[in-house]
Each structure stands twice: as C-alpha cells, then as structure tokens.
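These are the residues of each chain, in order.
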Amino acid sequence: MEQQMASLDLTDSGNNGSSTERWTDITAEYFAACSTLTLGQLVRKEEFSLHDSIAALEIMDPKMDNGVVTEEEAAMGTLDVSRARTCSEVLMIADQLFRKEMAWHSGSHLSQTLFTCVYLQKLLTPSLQPDGKRFSTDSQTQNTRLLLDHVLYPLIAATVKCCAYVRETFASGYLYEEEDVSSQDYGLPLLGSASAFQVVQLLQRGADVVEGLKVNSKEEELPVLAELALRLQGRSSLLMALDYPQGSSEATSHWRDVQTSFKSWRQLDAGSLEDDALVFNTSFQRVLDSTTPPRPILDVSFKEAQEQMCSLAEDMAAIGLIKGAEASVSPTALLAHFEAFRVRQPARMPFARLEMQLAFLHDKSAEHGEERAAFCRASIQECVGACDVLFGDKVTAAEAPSDVRYQAMQVLSACLTMVEGLLLDLYKILCHNPGRVRRNLAKLLMDADALIADTEAADQRILDLVAQSPLANACGVPETQMHLISTWLRHLEMTMSVTLVKQAAELDLLKPFELLAHFFQLDTILFLQNDVLYQIFSVQLNASREYRARSPAAAAWISSTMLRNEVESIVCKGMLFELSALSTLGVIAEPAGVGLGVADRAKLYEYRIKIFRRCARHRVSSPAAFFPDYATCMAEIATMTGLNSDPTSPADRVRSARENLGKAKDMFDLGLKKLSEMKIALSKIRARRGLDSEGPLMSAVDKAEDARSRSLAGCCVSSKLAINNLLTNLPPDTDPQHILGRWKSKGKLTRDTRYDRTYATLNVVFVD
C-alpha cells in the first residue's frame, strides 16, 4: 500500500523549476489501497497520535459530521424573504424567534438558535437597511410592505441588537464558556454601526403602523395586531434596558417595564407556519459549525421563555441594590442577598449571574486596592464589632515606623491582603452555576482553612503590639484571647460549609441511605457556626453597653443568624428521627448485596465528611463534631436516635420506629414554635438595628429572610402531615413481622421539594 500511495504524483514542475499544485483524482487508487487493510490496521504519519484520533471527526456521517447537508435539507431549498405574510404569520415568527433567543440565553449556540432564522440572516450586517431595501418588493401590496418592512423588520433588528449587547457582556468573562453560555458570533456583524436609538425609532414607527392597520382590519385580526403592538413595546423596553449601564436608575426602570410588558404577552392559537422549516433553517449551522460535532438543539416553549425573561428582568432590576452606596458599607447584607439569589428557583439566567458579578466587582477589581481593603474591613467589623483594637483612630493615625501602632497597622494590612481575595471570590462563586458553586466553594473552603493559622498569628502579633486592657464579658473571656480576624475567617468558613452541605440536598446528589449522615453533618455544622457566633457575641458585643451601642448592625445580624440556625438545627433533628424510623422499618437501607465495602465507605468519608472535619478542630465544645470517619459518624447517629444495627425482634423494631416518628413530630412542633418566637424576636432586632442600616438592599434581605422562615414553616407542617400518614400505616395491633415485610418490600421513599429543597418532606409510597 505504501508503494501505491508513493507512486501517486500530485505535483508538476513548471519551466522555472518551481512546484505548482495539480489536482489528480485518486479515488480508485485510494479505495484499492484501503481494501488491503485488515481489521484493526491504520495508516498514519508518525506525528499522528492517539489524541489526534480521538479529536478527529468522522466525515460524511450526519450523526458525526455537522457539515453534511442531508438530502432532505437539500431538497427543501431556500426561502424568499419577500414572500407576503399575514399578521398572524408575523406574530408566529416573532414568538418563535423569542423562543430561540431564550434558548441561546440558556446555553445553546447562536448557530442553532437565532442564526437559523432566514430573516435574521439578512440583518447580519454592520448597519440597518434603508426603507425600501428591507424585506418587501415594490410589486407587493401596501399592507404587505408595511408588515414586512415596518413590523417584522424592526422586531428582527431589535433582536439582533439585543443579541449584540448580551454577547458583548458574555465575552467579558466570569462565566464558563460552553458550560454556561456560548459567546461565539462566528465573526458575523450584529448591526454594530446602528445605535439603540435608531432601532427604537423603528419599533415606535412599527407601533404606529400596527395602530393604522387596525382601522381596516377584520375583527379576528384585531387580537393579533394587539399582540404585535405588545411585542414591539416589549422589544423597545428590552433594548433600552440593555443600552443603559446596568444598575443605573434608567436601566432599572426599563427592566421593570420589560417585566410588565413581557408578562402581558399571550400566545394566540393561530396554528403553525407552513414553511417553518424554511423560516428557521437548521442547515445554516452546517456552514458555521461544520468543524464541530453535532449538538442537541434545545427547544424552549413560549411559556418557559416568557417566565425566563420575566425572571431575568426581575433580577436585573435588583442590580441597582448592589451598585448603590449601601452595598459598600454592608458586606453582610450583600452576602445574604447573594445567597438568596443563589437558592432562588428556577435557577437564575447566566446573563443575570454575570451582571451580578460585574456589578459587585465594579469598584473592587485589582486596580481598586483601597476599595477592596475597605470592603474587607467592613465585613470584619460587621461580624466582630467596631474593633478599636484593629481599626480605631489611635491605631490608624500612627505614622512613625518606630511606633508599635504603625507596626500593628502593617501587620493588619498584610493580613487583609491575604484574605480579601478569598472574601471577594466567595461573592463571585455564589453567582456561578450550581455545579460550579459546589466545586469552587469546596476549593475556597480549603483555602480558608489554610489561612486560619496565618490569621491567628497576625491577630496575636497585633495584640502583642497594641496593648489593650482586657474587657470583661459574661463568660469571663478577655478580649486579648479573642483573635478577631481569625474568628471572622472561621465564621466565613462555617458559612461556606453550611452552603456546601445544603447544596448536596438541593442538587439531589444524595442517595436515601446517605440522608442520615447528611442531616447529622448539617446539624453539627450549624452548631459549630453558632459556637463561633456566640464567642463573638459574648466577647465583643456584650462587653459593654457602649460597645453594643456602637455596633447595632453587627449585634442584630449575629442575633438573627443564631436564631435561624437554632430553628434549622431543630428541623435537622426532626429529619434525623424520621429517617431513623424509616431505616428501622427497612425503607432506607444500604445497597443490596454485599452492602458498602471498605472502599465505598472511605469514599463517603472523603467526599461527604472529611472536607468539613477541618472546621471542627477550632475551639469546639461538641464531642460529636470530631467524628473521624463514616462509621463513627453513623455510630453517633445511632446513639442520638436509638438506631441500632444489631438484630432485634420485629416488635421492638416497630416500637422503636413509632417512637422515633413521635420524636420527629415533636421536633417539627418545636420548630414551628421557635419560628413564631423568631418572628417576634426579628421584629425587635430590626427595630434596634438603627436607621443607618436601613435601605433597599436591607429590605430585600429582610424579605428573603421572611420568605425563608415561611418555607421552613411549610416544611414543618408538611412533615407533620407526612408523619401522621406514616403512623396510620403502623397500627399497634398488626403483626410486626407483616409490617416490616410490607415496608421493606413495597415502601419507596420520595422527597417533596415544594417548600424547600434542603428540608424536603419525606413521604413513603407503597408500590403494590
């Protein structure tokens, strides 16, 4: 075969001796040479590696080669954009284009979504076409020309211009290309020379045309024209919202108009386009993405697209809260706002998540060192109080290098430089997609743990340099034993740990038999966070009335966090008792067969427990926090709930399950009681917070806190009803052996996430 290939002459030497290309048909020789190969043989150059073979594309197979135009696609032909359209068809094209736009926002490629529209392809130019050179022709009727050139054309132009704004934002970074979004525009112009004002003028002209068409239209066409007017209005508001700087009062106002306008859209039952496959021709991606493997095409319904746009508008209207002056002095409120943004359902759109990060970092990037340090100082002060020992005027005013106060400030500045990057990364990570949040937050947690020792050393060095008289507190712990920066960092560590543990349940990553360890772990970490907060509260904020009066926001925030953690800890214990009962009855069990081997248990410990065990080594008074492995963790659970792995009689097991269900119900009752007390306490705490702490951002945080309380109350009530249902399936006069057999063989655990994804209600469905 090598001889056959070598004998092919592909060049021809001219009179001047230079080599020029001459194409020769080698098809017959090529297939003849291939026929001599046996199965498993490959002809390759020495430079051709296994990696190259994996990255290679199989050509001429439509399933593998994106550049192949199938016979069906070739037979369809092309669409003449000057074809006459009715107002119903224009509305259907506009709605279909809107669905494609939101599919692109959700992560699909432009070549599979917006760029498939043949009308939009006509507008992939630097500037707008003048009147008379758009879609229509001179031979068409006036109404047809008006619909094509003054209604459909502005809608398409506005979509292209919005796409240009969003793509530019996508390309600015802070999102994961090909995972969150695709910013590839294939080098095609997106009306770059046209201004938003020009397109808005076209939309306003289109609205006037629609009003004029209503005069001589039939009655059945009036609802369609009304919807077209709403489409033009909504597109105008969206374009203006994207044109203004995000976070400005003008952009916020337009985003509210977008939410109102898009919410009023209705999808009329007008059938479907006869030539839909030509209007939205998927073969266009063959040209743009011919070198990439085929991807599934995401289809978004009109209702889903409408909900996504309204959700996006709501989130974008809230960007102003982050860019406001209040955000620079309230890192705690801002963090609570980001956390509420993360847990909201459905998941936030990538554009909103990106703008959240850009708004947060607009004055905290690398070139704004002083703003970064000020934000970090404000975060520490909101957590541990005003901190005169660190940030007091007597310390910051020192300028002489020989002054111990000046030396203390140098140590403090170096310490803040170490931790400020970690703090800013925490805010950014909360705006990533759920999978990335979990992965990046775990890495950030390990980084925080590595900095604990350095911050403790810096704290001690500062306290040694700046002699402060110990401040007595309720527990008798002097302030000099309170390492302020390291304590703040430990609290940050606990906050990340709580988010990470909750995410396992939110993303439904846990198998039923893992839920016991999960809620025990969450209960432990909530205790650890309250332990750290109690140290702060008792040492710093209760040290004196003067200190408490000077730190009202910190005192209010710590009090509310401890109250919420106490309620969630009670709910965790209720879930533990309920899960223990279900485990006793055989509904929850380790995998059938040999069960979990040593390697599997080691993995559970490695990925579910070990990362958080580091947090438990810092000044903790709970022995349960020091479980060294998965087996010890389960033993602690068994001790707490009475769950015993040793064989017992069926009657004892049923009795134990009934008792644990009763304890779970009592816990949920207690949770409801604590929530009622918490509501009263929060109102008093907010009243003491002071006017300086009030504002739009704090109001949004309070609203999210109240919504969280309502969801916890819903979980408690729903879980109580579920337990009552479970108890009805455990009648006291029934044969225990029969009960255990039925629950183990026919009971199936389900989780109802209607109220909350972390504390989902547990139900057992019996499958006959």
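Residues numbered from 1 in each chain as written. Predicted model: local features only at pLDDT ≥ 70, side-chain atom pairs only at ≥ 80, totals over all residues. Heavy atoms only, no water.

Caption draft 1: Layout of the environment of C117. Residue position: C117 is located in the loop between α5 (87-105) and α6 (118-121). Judged by relative accessible area, which is 0%, C117 ranks as buried. Once the C-alpha coordinates of C117 and I93 are considered, the two residues, 24 residues apart in sequence, prove to be 8.9 Å apart. Those residues in contact with C117 that lie beyond four places of it in its chain are L97, V279 and F280. (Helix = DSSP H or I, 4+ residues; strand = E, 2+ residues; numbered from the N terminus. Buried < 20%, exposed > 50% of the residue type's maximum accessible area, 1.4 Å probe, protein only. Contact = heavy atoms within 4.5 Å.)

Caption draft 2: Representation of the confidence of the model for the protein within the structure. With 81% of its residues at a pLDDT of 70 or more, the protein shows a mean pLDDT of 81. Within the protein, strand β1 (residues 11-13) has the poorest average pLDDT of any element, 47, and helix α9 (residues 222-243) the best, 95. The model gives residues 10-18 a pLDDT under 50, and that stretch makes eleven contacts with residues more than four places away or in other chains. Predicted confidence is poor over residues 616-628, with pLDDT under 50, and the contacts of this stretch with residues over four places away or in other chains come to 35 contacts. (pLDDT = per-residue confidence, 0-100.)

Caption draft 3: Quick peek at the packing of helix α29 (residues 650-688) against helix α31 (residues 736-746). Their axes nearest at 8 Å, the elements α29 and α31 cross at an angle of 65 degrees. The interaxial crossing formed by α29 with α31 has left-handed handedness. Residues P650, A651, R653 and V654 of α29 lie in contact with α31, whose contacting residues are P736, Q737, I739 and L740. (Axes fitted to C-alpha atoms, helices over the stretch in contact; angles between N-to-C directions. Left-handed = near helix turned anticlockwise from the far one by under 90°.)

Caption draft 4: Representation of helix α8 (residues 196-213). Between its first and last C-alpha, α8 extends 26 Å over 18 residues, near the 26 Å set by a 1.5 Å rise per residue. Along α8, the positions that sit buried rather than exposed are A196, V199, V200, L202, L203, G206, V209, V210 and L213. Tucked into the core, α8 has its buried residues touching α7 (142-170) and α9. (Expected span 1.5 Å × (residues − 1).)

Caption draft 5: Quick look at empty space enclosed by the protein. Scanning all chains against the criterion turns up four cavities of 30 Å³ or more. Estimated volume of the largest cavity: approximately 80 Å³. Looking at the largest cavity, the residues that line it are P331, T332, L335, S379, C383, L423, Y427, W488, H491, L492 and W557. At the level of elements, α16 (331-343), α18 (369-384), α21 (404-429) and α23 (484-506) are the ones that each hand at least two residues to the lining of the largest cavity. When grouped by side-chain class, the residues that make up the lining of the largest cavity number eight nonpolar, three polar and no charged. (1 Å grid on protein atoms, 1.4 Å probe; cavity = no way out; pocket = protein on both sides within 12 Å on 5 of 7 lines; lining within 4 Å. Points joined across faces, edges and corners; volume = space filled by probe spheres on them. Nonpolar A, V, L, I, M, F, W, Y, C, P; charged D, E, K, R; others polar.)

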